[in-house]
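What follows is each chain in one-letter form.
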Amino acid sequence: MKNMYTNTSSCVNVNNVLTDWFLTENGCRQGDVTSPTAFSLIINDLLKELNSSNIGVKIDANLIVSVLAFADDIVLLAENAEDLQKLITLVNRWSFKWRFIINPEKSQVVHYRNAPKARTKFEFKLQENGPSLTVVDSYKYLGVYLDEYLTFSKTSEVLSTAGGRALGSMINKFRTLSDMGHSTYSKLYESLVTPIIDYGSAIWGYKSYNNLDRVQNRATRYFTGVHKFAPMLGHVGDMGWVGNRNRWKINILRLWNRLTMLDNSRLTKKIFKWDMLEHHLSNKTNFCAQAKQVFCELGKKDIYQKIDPIDLNWVKQKTLNVEETQWANDVKKYSKLDLLAEIKPEFGTENYLKVDMDRYDKSLLSQYRYGILPLEIETGRYKGIDREHRVCTLCDNEVVEDQVHFAFHCSAYNHLRVTFNDTCNNRIEGWNNMPDIDKIASLFENQSRLFGKFIKKCFLHRKSLLFK
């Protein structure tokens, strides 16, 4: 290794033209397999010196954490400004001794505190007569933005922006592959988007962030072909995807399992035990508090108390059952989704979304299910007409133009309904004696392509009559 770093020289390739050669007397060779080991050997002395300073965050009587290190990224930790300055001075002395150059413009300070408390006025400096280090409101560490109040709001903003870009790229692929089905679309979302909006969720918890929810809602809306004002319970329930919060709860318990199985000598395990003790003593809202809440929701508080791992497959199924129950209760409270509540007994992927059909047909079917197809029952809301007075204007029945009337009773579509009824009678046993709601449920379950084409013909005919 000594020979490798003796009389080394380098040049720069600029547009296939090499500069003059110059000596490289500092640093490790970029891309060399020995460079990480060489750097670790050098930086290890600094870490030992920092940890032996007896300055930092006190975990217990025998452990004080002064520094976190990942590659060449070093984070100094202290419980007050004066102690932090001592650590900065120690690092500066070490770097001067070993000819390391620390860039003050890339070195920043964050004062973590509760919201009412004012930010520190202390001036932190690498050198006594040098410039002051900037005190900022957040710091990005391993991809997660830690703001000064530890709210993780900035993290959610950054992740939602990145997730939105990934979703846009995925949708472009979807458009070029017109025959992509529900399973492929779901797999792409799980592979391209979910890892982004879930990044660090085991740490920042399962609090609901609207900007991250909007990413998943946009994905479900696009596949079902509905606009952004469509009832969320409709397209979310039909796609059958687990919601963000429930997925984040699973991530918390996945991290819990890893922490419980760590060796007790590991620093991470010691901090985990300290975190649990802090919650018990002061009821702080930390990682263990969030994990405990999830365990209680699952009825497994005893596992939390024993600090045991939990079966994640059981957690996933239990979480899905909770989501199904919650969805079934919520959908009944939304009058616009009265039809959906009658024809869809449970949360889960609907068959009509698995069928290869024209996107416009699928969009009309989705609008029909969610009560947003522009019939009088829907458009009357914007005109301020009472629900019972939103009657059909294309026939003389004097009844509300809802989805059932539109598909089965309005005389304006009798000429289209003859062929449709004959086909249904041949394909669906007992068709003529079925209640209307059962007909709709059966069509979505077994004849969605036929129903989609029929709804499109009726809807286009309706438009031609209204805007003649």
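Note: the structure precedes this text.
Parameters at a glance
- Residues numbered from 1 in each chain as written.
- Predicted model: local features only at pLDDT ≥ 70, side-chain atom pairs only at ≥ 80, totals over all residues.
- Heavy atoms only, no water.
- Axes fitted to C-alpha atoms, helices over the stretch in contact; angles between N-to-C directions.
- Helix = DSSP H or I, 4+ residues; strand = E, 2+ residues; numbered from the N terminus.
- Parallel < 35°, antiparallel > 145°, perpendicular 65-115°, else oblique.
- Left-handed = near helix turned anticlockwise from the far one by under 90°.
- Contact = heavy atoms within 4.5 Å.
- Core = buried A, V, L, I, M, F, W, Y, C linked by side-chain atoms within 4.5 Å.
- Buried < 20%, exposed > 50% of the residue type's maximum accessible area, 1.4 Å probe, protein only.
- Salt bridge = Lys/Arg side-chain N within 4 Å of Asp/Glu carboxyl O.
- Phe/Tyr/Trp six-rings, centres within 6.5 Å; stacked < 30°, edge-to-face > 60°.
- Lys NZ or Arg CZ within 6 Å of the ring centre and 35° of its normal.
- Expected span 1.5 Å × (residues − 1).
- Disulfide = S-S within 2.5 Å.
- Patch = residues over 30% accessible without salt bridge, like charges linked within 9 Å, V, L, I, M, F, W, Y side chains within 5 Å.
- Areas by Shrake-Rupley, 256 points an atom, 1.4 Å probe, with all protein chains shown as cover.
- Lys, Arg positive; Asp, Glu negative; His and termini not counted.
- Charge placed at Lys NZ, Arg CZ, Asp CG, Glu CD.
- Nonpolar A, V, L, I, M, F, W, Y, C, P; charged D, E, K, R; others polar.

Asker: Which residues make up the packing of helix α3 (residues 153-176) against helix α4 (residues 182-192), and what are the values?
Answerer: Two quantities define a packed helix pair, namely the angle between the helix axes and the distance between the axes. Packing of α3 against α4 leaves a shortest axis separation of 10 Å and a crossing angle of 150 degrees. In terms of orientation, α3 and α4 fall into the roughly antiparallel class. Pair α3 / α4 crosses with right-handed handedness. Of the residues in α4, those touching α3 at A166, L167, M170 and F174 are Y185, L188, Y189 and L192.

Asker: So what's going on with the nonpolar core? Residues and values would help.
Answerer: As a rule of thumb, nonpolar side chains are buried together in soluble globular proteins. The biggest cluster of nonpolar side chains holds 87 residues, and the ones touching the most others in it are Y185, Y189, Y368, F406, F420, F451 and I455. It is helix α9 (residues 244-260) that provides the largest number of residues to this core, a total of seven residues. Among all residues touching F451, those that are not within four sequence positions of it are L365, Y368, F420, L443 and F444. Judged by nonpolar contacts, the second largest core, of 10 residues, contains I43, L47, L90 and V91.

Asker: Residue-level account of the pattern of salt bridges, with values.
Answerer: With the rule as written, the count across this model stands at 16 salt bridges. Across the pair D238 and R369 runs a salt bridge, and its minimum N-O distance is 2.8 Å. With D238 in helix α8 (residues 232-239) and R369 in helix α16 (residues 359-370), the pair connects residues that are 131 residues apart, well separated along the chain. R381 is the partner of E378 in a salt bridge, and the nearest nitrogen-oxygen pair spans 3.0 Å. Of the two residues, E378 and R381 both sit in helix α17 (residues 376-382), three residues apart, roughly one turn of that helix. Judged by relative accessible area, R381 falls into the partly exposed class, the value being 37%.

Asker: Before we move on, can you summarise the packing of aromatic side chains with the specific residues and values?
Answerer: Summed over the entire model, instances satisfying the criterion amount to 25 aromatic pairs. Ring geometry for F295 against Y304: centres 6.2 Å apart, planes inclined by 50 degrees, an arrangement best described as tilted. Neither F295 nor Y304 differs from the other in exposure class; each is buried. Arranged with centres 6.3 Å apart and planes meeting at 65 degrees, the rings of W327 and F347 form a pair that is edge-to-face. Here W327, found in helix α13 (residues 312-331), pairs with F347, found in the loop between α14 (338-343) and α15 (351-354); they are 20 residues apart in sequence, far enough to count as distant. Here a set of aromatic residues connected by ring pairs shows up, and it is made of Y352, Y368, F408, F420, W431, F444, F451 and F454. Over the aromatic face of Y206 sits the side chain of K249, whose NZ or CZ is 5.1 Å from the ring centroid.

Asker: Tell me what's going on with α3, and back it up with residues and numbers.
Answerer: Each α-helix turn comprises 3.6 residues. Residues three or four places apart therefore point the same way. Counted at 1.5 Å a residue, the expected span for α3 with its 24 residues is 34 Å, and the 35 Å between its end C-alpha atoms agrees. Of the residues making up α3, those classed as buried are T155, S156, L159, S160, G163, G164, A166, L167, G168, M170, I171 and F174. Elements in contact with the buried residues of α3: β12 (144-147), α4, α5 (194-197), α6 (201-204), α7 (210-224) and α16.

Asker: Go over the state of the cysteines, please, and point to the residues and values.
Answerer: Considering all chains together, one arrives at zero disulfides under this definition. Between C28, a cysteine without a disulfide, and C11, which holds the nearest cysteine sulfur, the sulfur-to-sulfur distance is 20 Å. Of the cysteine sulfurs around C296, a residue in no disulfide, the closest is that of C288, at 13 Å. For C296, a relative accessible area of 35% puts it in the partly exposed group.

Asker: Quick rundown of the side chain of H235? Include the residues and the values.
Answerer: Mapped onto the elements, H235 comes out in helix α8. Apart from residues lying up to four places away in sequence, H235 is in contact with N217, T220, R221, T224, V226, A230 and Y370.

Asker: How would you sum up a positive patch on the surface? Please name residues and give values.
Answerer: Taken together, the side chains of R427, R449, K453 and K457 make up a positively charged region of the molecular surface. When residues of the positive patch are assigned to their parent elements, the largest contribution, three residues, is made by helix α21 (residues 448-466). If you trace the backbone, K453 turns up in helix α21.

Asker: Report on the environment of K300, specifying residues and quantitative values.
Answerer: By the element assignment, K300 lies in the loop between α11 (287-297) and α12 (301-306). For the pair K300 and T319, spaced 19 residues apart in sequence, the C-alpha separation works out to 13 Å. Those residues in contact with K300 that sit more than four places away from it in its chain are F295, I310 and W314.

Asker: Tell me about the packing of α9 against α11, and please be specific about residues and values.
Answerer: It is the contact of α9 with α11, at a shortest axis distance of 10 Å, that shows an interaxial angle of 115 degrees. One element, α9, and the other, α11, form an angle in the roughly perpendicular class. Seen from above, α9 lies across α11 with left-handed handedness. Note on element contacts: α11 touches α9 through F287, Q290, A291, V294, F295 and E297, opposite K249, I252, L253, L255, W256 and L259. For the contact of α9 with α11, the per-class residue count stands at nine nonpolar, one polar and two charged.

Just geometry here; none of it tells us what the structure is for.
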